[in-house]
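Coordinate analysis (summary)
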Amino acid sequence: AQTVTQSQPEMSVQEAETVTLSCTYDTSENNYYLFWYKQPPSRQMILVIRQEAYKQQNATENRFSVNFQKAAKSFSLKISDSQLGDTAMYFCAFALTQGGSEKLVFGKGTKLTVNP
Amino acid sequence: DAGITQSPRHKVTETGTPVTLRCHQTENHRYMYWYRQDPGHGLRLIHYSYGVKDTDKGEVSDGYSVSRSKTEDFLLTLESATSSQTSVYFCAISAVGEKLFFGSGTQLSVL
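First things first, this report covers the structure right here in the doc. (Residues numbered from 1 in each chain as written. Chains lettered and ligands numbered in written order. Predicted model: local features only at pLDDT ≥ 70, side-chain atom pairs only at ≥ 80, totals over all residues. Heavy atoms only, no water.)

Topic: the overall build of chain B
To be explicit about the condition: Each helix is a run of DSSP H or I of at least 4 residues and each strand a run of E of at least 2, with the numbering of both proceeding from the N terminus. The globule rule is 2.2 Å times the number of residues to the power 0.38, and the radius of gyration it is compared with is taken over C-alpha atoms. A simple rule labels every residue: compare its accessible area, found with a 1.4 Å probe on the protein chains alone, to the largest value its type can have, and call it buried under 20%, exposed over 50%, or partly exposed in between. Residue contacts follow a heavy-atom distance rule, with two residues in contact if any of their heavy atoms lie within 4.5 Å. To be clear on the numbers: accessible area is Shrake-Rupley with a 1.4 Å probe, and residue cover counts the displayed protein chains and nothing else. His is not counted here, nor are the chain ends, while Lys and Arg score as positive and Asp and Glu score as negative. For charged residues, the charge sits on one atom: NZ in Lys, CZ in Arg, CG in Asp, CD in Glu.
Helix and strand counts for chain B stand at zero helices and eleven strands. Radius of gyration (C-alpha) of chain B: 13 Å, near the 13 Å computed for a compact globule of 111 residues. Looking at chain B as a whole, 50% of its 111 residues qualify as buried. Look at the contacts in chain B between residues 6 or more apart in sequence, and 54% of them connect residues 24 or more apart. As displayed, chain B has an accessible area near 5,100 Å², and 48% of this comes from carbon and sulfur atoms. Measuring between centres, the 11 positive side-chain charges of chain B sit 2 Å from its 12 negative side-chain charges.

Have a look at this one:
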């Protein structure tokens, strides 16, 4: 079974600074997908970034980028120029695609607070 | 936002009563999922569906059943609610090979 570990229950950062959230996972599969989801106080689950394991290039989405180390089974999220609106729970997730469906396995989350 | 609606948004019920949560989509997506979110656990998959009348169990399916009689509706039933089922329940949908879209969640309290 696949597992996802987020070792930082809480983090804080000053506005405009950079912060990195850690995620490690365990799988024996070679092809899979990794995700970072953001959950603000509104409770909505928002996909931040998606990485396909067969792609060596790290995914980026504006101020969000990942450091994907397949051999180390590590998938960290870097948020640059942090903004107050980045305050949220962040979940790392893993999925094997089976027949087109993606059943996600989530980590326990990291609560990020951006301070003014 | 993807057309996905969960109802009710909040529910308080008593131990031993049956409860049904509804997920409705307007996207005609094939896959639908039910997750529960608890502090310290992240989100965990309860059941999912890969088509009308086609469902399968997830990681934490004990005490839950599901039904999907139409493409647009996926129902989650707690036959006899227990306090351990107090949680936030999320429905999600996806097309083949596409990312998941989540609903806004249902806060269920079992007293």
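A few points about the interface of chain B and chain A
Going by this rule: The buried area of a pairing is the accessible area, by a 1.4 Å probe, that goes missing from both parts when the two are put together, added over both. By definition here, a salt bridge exists when the distance from a side-chain nitrogen of Lys or Arg to a carboxyl oxygen of Asp or Glu is within 4 Å. Whenever two N or O atoms come within 3.5 Å, that pair is a polar contact, provided that in protein one can donate a hydrogen and the other can accept it, and provided that, for residues adjacent in sequence, both atoms are side-chain atoms.
Taken together, the contact pairs 27 residues of chain B with 18 residues of chain A. Across the chain B to chain A interface the summed buried area is about 1,800 Å²; carbon plus sulfur atoms make up 52%. Across the contact surface, chain B and chain A share zero salt bridges. Put simply, chain B and chain A have seven residue pairs in polar contact (both at pLDDT 80 or more) between them.

Notes on the pattern of salt bridges
All names here are of chain B. In total, this model carries eight salt bridges over all chains according to the counting rule given. Between Asp73 and Arg22 there is a salt bridge, with the nearest N and O atoms lying 3.1 Å from each other. One end of the pair, Asp73, is in strand β8 (residues 73–78); the other, Arg22, is in strand β3 (residues 19–25), and 51 residues separate them in sequence. Looking at Asp73, the relative accessible area reads 9%, which means it is buried. Residue Asp38 pairs with Arg36 through a salt bridge whose shortest N-O separation is 2.8 Å.

Observations regarding the sheet that holds strand β1 (residues 4–7) of chain B
Residue and element names in this part refer to chain B. Selection rule: Should DSSP find at least two bridges between two strands, the strands are taken to pair. Axis angles are defined between N-to-C directions and span 0 to 180 degrees, where every axis is a line fitted to C-alpha atoms and, for a helix, only to the segment in contact.
If you walk across this open sheet you meet the four strands as β1-β3-β8-β7, and the pairing is antiparallel. The open sheet terminates on both sides in strands that have one partner only, identified here as β1 and β7 (64–70). Each strand of the sheet is rotated relative to its neighbour by a mean of 15 degrees, with strand direction disregarded.

What to know about the packing of aromatic side chains
In plain terms, the rule: Aromatic rings from Phe, Tyr and Trp, with only the six-membered ring used for Trp, were paired whenever their centres fell within 6.5 Å, and each pair was classed as stacked if the ring planes differed by under 30 degrees, edge-to-face if by over 60, and tilted otherwise.
Summed over all chains, the structure comprises 17 aromatic pairs over all chains. Relative to A:Tyr32, the ring of A:Tyr25 lies with its centre 5.3 Å away and its plane at 65 degrees, an arrangement referred to as edge-to-face. For the residue pair A:Tyr25 and A:Tyr32, the accessibility class agrees, reading buried in each case. Each member of the aromatic cluster is reached from another via a ring pair, and the members are A:Phe35, A:Tyr37, A:Phe91, A:Phe106, B:Tyr33, B:Tyr35, B:Tyr48, B:Tyr50, B:Phe90 and B:Phe102.

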